Structures are given as structure tokens and as C-alpha cells.
Amino acid sequence: MTLGLSDQPAHADVIRSSEHGGRIIDGKIASLQVLEEVAERAKALVARGTTPGLAVVLVGENPASQVYVGAKGKAAKSCGFHSVQHDLEATTTEAELLKLIAELNADPQIHGILVQLPLPDGIDSTKVLEAVSPSKDVDGFHPVNVGLLGVGDVTRALVPCTPAGSLVLIEKTAAALGVKLDGMEAVVVGRSNIVGKPMVQLLLSKNMTVTIAHSRTKDLKATVQKADFVVAAVGRPEMIKGEWIKPGAIVIDVGINRVPGEGLNAAGKPKTKLVGDVDYAGCAVNAAAITPVPGGVGPMTIAMLMANTLRAAERAAAQ
Ligand code: GUN
């Protein structure tokens, strides 16, 4: 497998029946399988004298970022990692942040560095992400890692966690359903640097025939209709409609959009709910298997961050 993890057992466990007639791809179960293997391999590494170390840096008080960062630290501890969190004031200067990154780059106990985005105005995110040592860049955002993935060197590249997790779901689902990836038609909807573009490279590395589409694609429906595998990462709630899905296709929904729900919550405020970029109920009818939102790609992102940290630590230990 390309991500440095050996083939996961129990692919069939990841798929279950849906009330819509198709099958659901359970990202929670898949993520637990990845985390279990990461924890096992971390234990072996600790026994050889290296404890994987992850440093997460949070600047400011964005509530969503605080939740994400907390979940990352918790997962790191559950894998037996050395986990540190640096909470910096919203008024932190770019120079101060760059100084901390330089310290973490030089710290032999730290193998993975993640600077949570978005950063406050006045800090140049590109400059910050490029300051992280490529060997510790567990987000896979540094141009060196982007370039390695671009030339197809998926063994050396640290790959962004969300597309990496989406690929694991695709591989597990294909294995469970007895489908091959080689030569199949994949359509990625969305061209972001964090998901769409790296996803294309990963699918190409599996010898798939890949089309990248986006919100400006002329005939998005016709483009999606030819896909055996659809990855939706366009950031528009329920944009991909049921009739766009070829019968038997596998659908991976990367979107997480908060939209108005029904009724009022306990505090008397209008309820909200999370939906993906895919009209789940509509698409589940034609799809052979589909990821739900939440509970699909989301849990895989953190699991792959742990897998990347483990890989970085294993490489450091081998030097
Ligand atoms: N903010 C939201 N998602 C991410 C991510 O995957 N990595 C980082 N560094 N920040 C984020």
C-alpha cells in the first residue's frame, strides 16, 4: 500500500447496508483499523528507543480550530505518541511563530509539526508552511512534499491527510466489493491544493483514469456520470445530485458544510446540521457504496495524520 501502512485486514467490516438500498462506507471503523495499526507500530518503535512525537501549533482562539487541535492531541496520545500543543496568542507575530517552528524543526523528540490553519491576518501562511522541515511536514503542505507527490513518488512524499484517508476508504471499499482500481474512471470534483489536486495524484498512482472537475466545469453532470469512482471536494452543500451517479459507482464525499436544520435547539436558536458536497439520500440509490457526512472521510483525516507522524518517526529512527 502506498501510504506506508501494510494492507489493512477486515475490509468487509468497513461496508454496511444503508436504509437507501446501497452500502455505507464506515469511516469510523476504517479509521480505527488505521489507528490500531499505527499504535502497534508505534509500540515497536518505542521498544527500539524512539517515541513518535507530534507538535500541534494553534495561533489565536478559533473555536473550530480548538476542537480539531484537541482531537489531534487526543488521537496522538491514544497511539502512544509524545504529544505537545503550543497555544499562541492571536497577537503572535510571524517572526515569533517562525522562531517556534525553527525550534520544533531542531527538536529530536518531535517528528511531526502541524500548524493549524487558518492563521490570523498578518501572518503569511505560505511562509509559515514552507518553514516546516519537509521531513516533519505531516500535513504534506510543503512544496517539497507537494512536488514528490506530483512526480508520483508516493513512497517518499508525506501526503495530505484528507486525500490520503479518502484513498484508504477507496481501497478498502474496492477490496470489499471485489472491484479493481486499475484503469477505472475516477472523477475528482474540486481542485484545491489540500484535497483535489493531491487526490488526483494518488488516484493516478493507482493507475486510474482521472478527470479533475470543479465548480466551473461546463457539464458537471455528464462528467460525473462517467465515473466509476467519484470524489467530491468542492465545498458546496449537496451539489452532486443522485441522477449524476452511474449505477454501481463508489462515492467519496469530502465536504463538510454546516446548513440550516429543522426546528430550534435547547437554547432556542435555529438548529443547524452537517451535510456533504453530495446529496446523500439521492446518490445512495445508484451508488454501490457511499461515505456519510459525518462519519465518512472526517475520521480518516486524523487517523492519517497519525500515520504520517509514525512514518516520519520511523524514517528519523532509520537514519
Ligand atoms: N485546518 C483545517 N483542516 C486543516 C488541516 O488538515 N491541516 C491544518 N494544518 N489546518 C487545518
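Computed from a predicted structure; not experimentally measured. (Residues numbered from 1 in each chain as written. Predicted model: local features only at pLDDT ≥ 70, side-chain atom pairs only at ≥ 80, totals over all residues. Heavy atoms only, no water.)

(A) Focus on the overall build of the protein. Looking only at helices and strands, one finds 10 helices and 12 strands in the protein. The C-alpha atoms of the protein give a radius of gyration of 20 Å, which matches the 20 Å a tight globule of 319 residues would have. In terms of overall dimensions, the protein has a C-alpha envelope of 55 × 50 × 35 Å along the principal axes. Here the protein holds 319 residues, and 49% of them are scored as buried. (Helix = DSSP H or I, 4+ residues; strand = E, 2+ residues; numbered from the N terminus. Rg over C-alpha atoms; globule rule 2.2 N^0.38 Å. Buried < 20%, exposed > 50% of the residue type's maximum accessible area, 1.4 Å probe, protein only.)

(B) Focus on the side chain of Asp 253. On the secondary structure map, Asp 253 appears in strand E9 (residues 250–253). Here Asp 253 sits buried without a salt bridge, and the closest side chain of opposite charge, Lys 241, lies 11 Å off (N-O distance). Within the local environment of Asp 253, its side chain forms a polar contact with the backbone nitrogen of Asp 277, the two atoms lying 2.8 Å apart. Here Val 278 takes part through its backbone nitrogen, which lies 3.2 Å from a polar atom of the side chain of Asp 253. Setting aside chain neighbours within four positions, we find Asp 253 in contact with Ala 232, Gly 276, Asp 277, Val 278, Thr 291, Val 293 and Val 297. (Lys, Arg positive; Asp, Glu negative; His and termini not counted. Salt bridge = Lys/Arg side-chain N within 4 Å of Asp/Glu carboxyl O. Polar contact = N/O pair within 3.5 Å; in protein donor to acceptor, adjacent residues only side chain to side chain. Contact = heavy atoms within 4.5 Å.)

(C) Structural detail: helix H6 (residues 161–177). Along its 17 residues, H6 runs 24 Å from first to last C-alpha, staying within 8% of the 24 Å computed at 1.5 Å per residue. A large share of H6 lies buried, amounting to 14 of its 17 residues. Just downstream of H6 lies Gly 178, where phi reads positive at about 70°. (Expected span 1.5 Å × (residues − 1).)

(D) How the structure looks around the side chain of Glu 94. Of note, Glu 94 is situated in helix H3 (residues 94–106). By relative accessible area, Glu 94 is classed as buried at 18%. Excluding residues within four positions of it along the chain, Glu 94 makes contact with Gly 122, Ile 123, Asp 124 and Lys 127.

(E) A look at the site of the ligand. By nearness alone, every residue bordering the ligand is listed as Leu 114, Val 115, Gln 116, Leu 117, Asp 139 and Phe 141. The contact in question runs from a nitrogen atom of the ligand to an N or O atom on the backbone of Val 115, over 2.8 Å. The contact in question runs from a nitrogen atom of the ligand to an N or O atom on the side chain of Gln 116, over 3.1 Å. Relative to its unbound accessible area of 280 Å², the ligand is 74% covered by the protein chains. Under a 2 Å grid-point criterion requiring more than half of the atoms, the pocket assigned to the ligand is the largest pocket. Taken together, the residues of the shell around the ligand break down into 4 nonpolar, 1 polar and 1 charged. (Near = heavy atom within 4 Å. Areas by Shrake-Rupley, 256 points an atom, 1.4 Å probe, with all protein chains shown as cover. 1 Å grid on protein atoms, 1.4 Å probe; cavity = no way out; pocket = protein on both sides within 12 Å on 5 of 7 lines; lining within 4 Å. Sits in = over half its atoms within 2 Å of the grid points. Nonpolar A, V, L, I, M, F, W, Y, C, P; charged D, E, K, R; others polar.)

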